[in-house]
Amino acid sequence: MLKQYSFEKTAVQSFADNVPLALRTENLQVFYGANHAMHDANLAFPKNQITALIGASGSGKSTYLRSLNRMNDGIATVTGKIWYHDVDINEPDVNIYEIRRHIGMVFQRPNPFAKSIRENIIYALRAEGIKDKQVLAQRVEESLKGAALWDEVKDTLDKSALALSGGQQQRLCIARSIAMQPDVLLLDEPCSALDPISTVKVEETLAQLREKYTIIIVTHNMQQASRISSQCAFFHLGHVMEYTPTAKMFSDPQIPVTQDYISGSFG
Amino acid sequence: MNAKQKDVVATIAINVIVATVVGILFFLLAYILISGLPHVSWSFLTGTTDSFSGAGGIGVQLFNSFYLLILTMLISIPISLGAGIYLAEYAKDNWRTHLIRSAIEVLSSLPSVVVGLFGFLLFVVQFKIGFSVISGAIALTFFNLPLLTRNIEESLSAVPRNQREAGLSLGMSKWKTEIGIILPVALPGIVTGIVLSAGRVFGEAAALIYTAGQSAPVTNFADWNPMDAASPLNPLRPAETLAVHIWKVNTEGLASNAAQLSAAASAVLIIAVLLFNLGARVLGNYLYRRVTASK
């Protein structure tokens, strides 16, 4: 039997005016038909930091993440505001394709295209209108280096991406996202389908990417959250319950539900 | 019986059934080839038919079959591709979509004679196109559309959803994702569907008797201007196909060697279908390798 927790008592931090923010949501709510999946999420994501979203299955963390680059369009109704560079990107007339180029996403299961490694990276770039071969080659090299995959694949760029291992595929998906030169990178449980060694590699990659990108990562794995993130938000049944610096969340959780979840005596 | 014995019995039963199917197929194939091939000669393959007795070569009919097939595919592939993409990706799950799907199913079970008579009344008589390649091609398109549309829809739906998400998350439009990412992955399945429907078109007689006609006027194979009346490419000339020719030789042929003629034509028809299937598969695999970089 799941314990009942009050949704009234939350501990959500806000940031001082001098902290540069990459993305901020204001009263973000998500509905799947009549199902109210996300209640009033007010979160701000500081630039060039990794923010982890944790919580049990069905807590709404992936739903929230997918709303940030409008991947829930046509699937769910999202209300509230998403502030990105002083623009509310949750407005209906916003160019969602443009938004998704600025806010990239990596999914739970590696989903490289059934194309060569090189094509995986440059296909979307060409669709965007970049035709210069040198520019494309440079992007391929930069993004694969950024995803720490270059040394493993530099001689096999024209081989099928599907021949790579799961961990390599996931890093290719990261490379494909950063090749678009986004500001923000959303990762939806990127390591849950990977073995521990691949997971370490992806985590190392993320630690390096933090210098250039703002990263928001959903994870089931609390150790992972504590290893890589500087901020951590805890979701419970469609509510953001606690949002604090990661070190604080794992040493000194503010409210009972977070305490129980982190100590494993949840539910 | 214990589980192990049951398994043995089931395995034997399945093997027997498969052997029966394969056996019948091989028997048919061998029978047609053995009774037909001895009568096939170069002059038979390239010669012209005597329009009164039906005797003579099948050169024009063979060409007509391929030409009609290509013309039919040129009309039906774009239409069914559009319809298939719509049903797989854009159609909402509502009564209108269900209605479209039911209509497609009904269309696919329409007898080919009915399709032929419909084509005869509408194109040949009403639109005054006359017995022609184009009338036949349009009738066969009706015949082809449901099969191809369903096949394309199913091939596209079988591509994992996460491929679409990947495309969208990179800022590509739905259409670009569909054409550039999903379609190439679905290509082998689509090629299989095209090959199957091509076989049907190639062997179809009933729908063509009333639309493409039963006469194969001598054409001038040196004249490739589609506007000329004698050109083999002229889509408005009557065009008896190989399958129709076989039917005609058997029912109203006055030639003394009608039996040999139809046996030989049948063998040629089967070989042509096999060659076409093989060719389409090779082409499909080649395209698939090109777009997916797989081995």
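Right above here is the structure, for reference.
Being a predicted model, the structure only gives us computed values, none of them experimental.

A. Seen up close, the overall build of chain B. Within chain B one finds 11 helices and zero strands. Listing the helices and strands of chain B from first to last along the sequence gives α-α-α-α-α-α-α-α-α-α-α. When its C-alpha atoms are laid out on the principal axes, chain B stretches across 65 × 60 × 40 Å. Burial analysis of chain B (295 residues in total) assigns 41% to the buried set. Look at the contacts in chain B between residues 6 or more apart in sequence, and 74% of them connect residues 24 or more apart. Total accessible area on chain B stands at roughly 15200 Å², and carbon and sulfur atoms take up 70% of it.

B. Geometry of the overall build of chain A. When its secondary structure is counted, chain A shows 10 helices and 12 strands. A compact globule built from 267 residues should have a C-alpha radius of gyration of about 18 Å, and chain A, at 19 Å, falls within 12% of that. The principal-axis extent of the C-alpha atoms belonging to chain A is close to 55 × 45 × 40 Å. Classification of the 267 residues of chain A by burial places 54% in the buried group.

C. Examining the packing of helix H10 (residues 242-252) of chain B against helix H11 (residues 258-292) of chain B more closely. Residue and element names in this part refer to chain B. Packing of H10 against H11 brings their axes to within 9 Å, and their N-to-C directions diverge by 160°. Considering their axes alone, H10 and H11 lie roughly antiparallel with respect to each other. The interaxial crossing formed by H10 with H11 has left-handed handedness. Here H10 contributes Leu 242, Ala 243, Ile 246, Val 249 and Asn 250 to the contact with H11, which in turn contributes Ala 258, Leu 261, Ser 262, Ala 265, Ser 266, Val 268 and Leu 269. Of the residues contributing to the contact of H10 with H11, the split by class is nine nonpolar, three polar and no charged.

Parameters and conventions
Residues numbered from 1 in each chain as written. Chains lettered and ligands numbered in written order. Predicted model: local features only at pLDDT ≥ 70, side-chain atom pairs only at ≥ 80, totals over all residues. Heavy atoms only, no water. Helix = DSSP H or I, 4+ residues; strand = E, 2+ residues; numbered from the N terminus. Buried < 20%, exposed > 50% of the residue type's maximum accessible area, 1.4 Å probe, protein only. Contact = heavy atoms within 4.5 Å. Areas by Shrake-Rupley, 256 points an atom, 1.4 Å probe, with all protein chains shown as cover. Rg over C-alpha atoms; globule rule 2.2 N^0.38 Å. Axes fitted to C-alpha atoms, helices over the stretch in contact; angles between N-to-C directions. Parallel < 35°, antiparallel > 145°, perpendicular 65-115°, else oblique. Left-handed = near helix turned anticlockwise from the far one by under 90°. Nonpolar A, V, L, I, M, F, W, Y, C, P; charged D, E, K, R; others polar.

Shape is all these values report; function is a separate question.
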